[in-house]
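Listed below, chain by chain, are the residues.
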Amino acid sequence: MLAARLHGAYDLSVEDVKIPRIRKNWVLIKVDAVGICGTDKAFYKGTYRLFKKPLIPGHEICGKVVEVGKNVPKDILDKKVVTKINITCGKCWFCTHSLFTHCPYRETLGITVDGGMAEYVLTPYRNVHEVKLEPPLPGSNIAILGSGNIGLLSLQVLKLYSPLNTVVVVHKNSPKVIFARKLKEDYVITFEEAMELKKKITPEGEGYDYVVEATVALKDCL
Ligand SMILES: [Zn+2]
Ligand SMILES: [Zn+2]
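Keep in mind that what you see is a predicted model, and the values were worked out from it rather than measured. (Residues numbered from 1 in each chain as written. Chains lettered and ligands numbered in written order. Predicted model: local features only at pLDDT ≥ 70, side-chain atom pairs only at ≥ 80, totals over all residues. Heavy atoms only, no water.)

A. Highlighting the coordination of the zinc ion (ligand 1). Bound to the zinc ion (ligand 1) on the protein side are Cys37 (SG) and His59 (NE2), at distances that span 2.0 to 2.3 Å. Remark: histidine 59 occurs in the loop between helix H1 (38-45) and strand E4 (61-68) and cysteine 37 occurs in the loop between strand E3 (26-34) and H1; sequence separation between them is 22 residues. In this structure, cysteine 37 and histidine 59 share a single accessibility class: buried. (Donors = N, O, S within 2.8 Å, 3.2 Å for Na, K, Ca; no water. Helix = DSSP H or I, 4+ residues; strand = E, 2+ residues; numbered from the N terminus. Buried < 20%, exposed > 50% of the residue type's maximum accessible area, 1.4 Å probe, protein only.)

B. Here's a closer look at the layout of surface pockets. Looking at the second largest pocket, its volume works out to about 280 Å³. Of all the elements, strand E8 (residues 120-124) adds the most residues to the lining of the second largest pocket, at 3 residues. Residues that form the lining of the second largest pocket fall into these classes: 11 nonpolar, 1 polar and 5 charged. (1 Å grid on protein atoms, 1.4 Å probe; cavity = no way out; pocket = protein on both sides within 12 Å on 5 of 7 lines; lining within 4 Å. Points joined across faces, edges and corners; volume = space filled by probe spheres on them. Nonpolar A, V, L, I, M, F, W, Y, C, P; charged D, E, K, R; others polar.)

C. Structural view of H1. What H1 keeps buried is the set Thr39, Asp40, Ala42 and Phe43. All buried residues of H1 fall inside an arc of 160° around its axis, so they share one side. On its buried side, H1 packs onto strand E1 (2-8). Of the residues one or two after H1, glycine 46 is the one with positive phi, at around 85°. (Arc of directions from axis to C-beta. Contact = heavy atoms within 4.5 Å.)

D. Summary view of the sheet that holds strand E5 (residues 80-83). Across the sheet, which stays open at both edges, the 5 strands sit in the order E8-E3-E4-E5-E9 with antiparallel pairing between neighbours. In this open sheet, the two edge strands, each paired with only one partner strand, are E8 and strand E9 (128-130). Recorded for the sheet is a direction-independent mean angle of 50° between the axes of neighbouring strands. Taken together, the 3 bridges between E5 and E9 define a ladder with antiparallel strand orientation. Bridge assignment links threonine 83 to a residue of E9, and that residue is valine 128. (Pairing = 2+ DSSP bridges. Axes fitted to C-alpha atoms, helices over the stretch in contact; angles between N-to-C directions.)

Following this line, the structure appears as structure tokens:
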């Protein structure tokens, strides 16, 4: 298969590599699209050290399941999916307390192991979700924290379900506000405005029905 492989700063090439071999609890995805994240740009510029060299970057992946391991239900075959990126151990204290993102033994697609800037990518079955997962009810009040790639992608999907009541909460001086406003002009607001709106929606302070957390770090993004 063809894959973009990064060997070091500014050293990226498209190469012919082996399609990853299926494992018993994993699925093989034929990649349809992959996002270019800030992390990928940092890898490329060398400002974020590569954990593995060469590395196939890409951790914002969607595609179709084309092969499944022997322990994986066959009905996922041919389904269009997205994959979570953290491959956790499932056994440590954090994993057994559902704090998967804190697993000290985790690997991360496109960051510590080969990712999705390739024709195929391998990922654990438990990390795979179909796009229709759990749509919010129409009319729900939704706040998206952050206006980066994930925030803007979430906004585009959520607009389909809840056209009027989705707000994007951004840092006052965020340069990305311009993109969020293009997608939803009237509903890009600052953290302070979001807190005011929350009081208006429910004076008891219950606030939003759903909150999408799409910030790198709360103090940087709000
Ligand atoms: Zn990312
Ligand atoms: Zn773990």
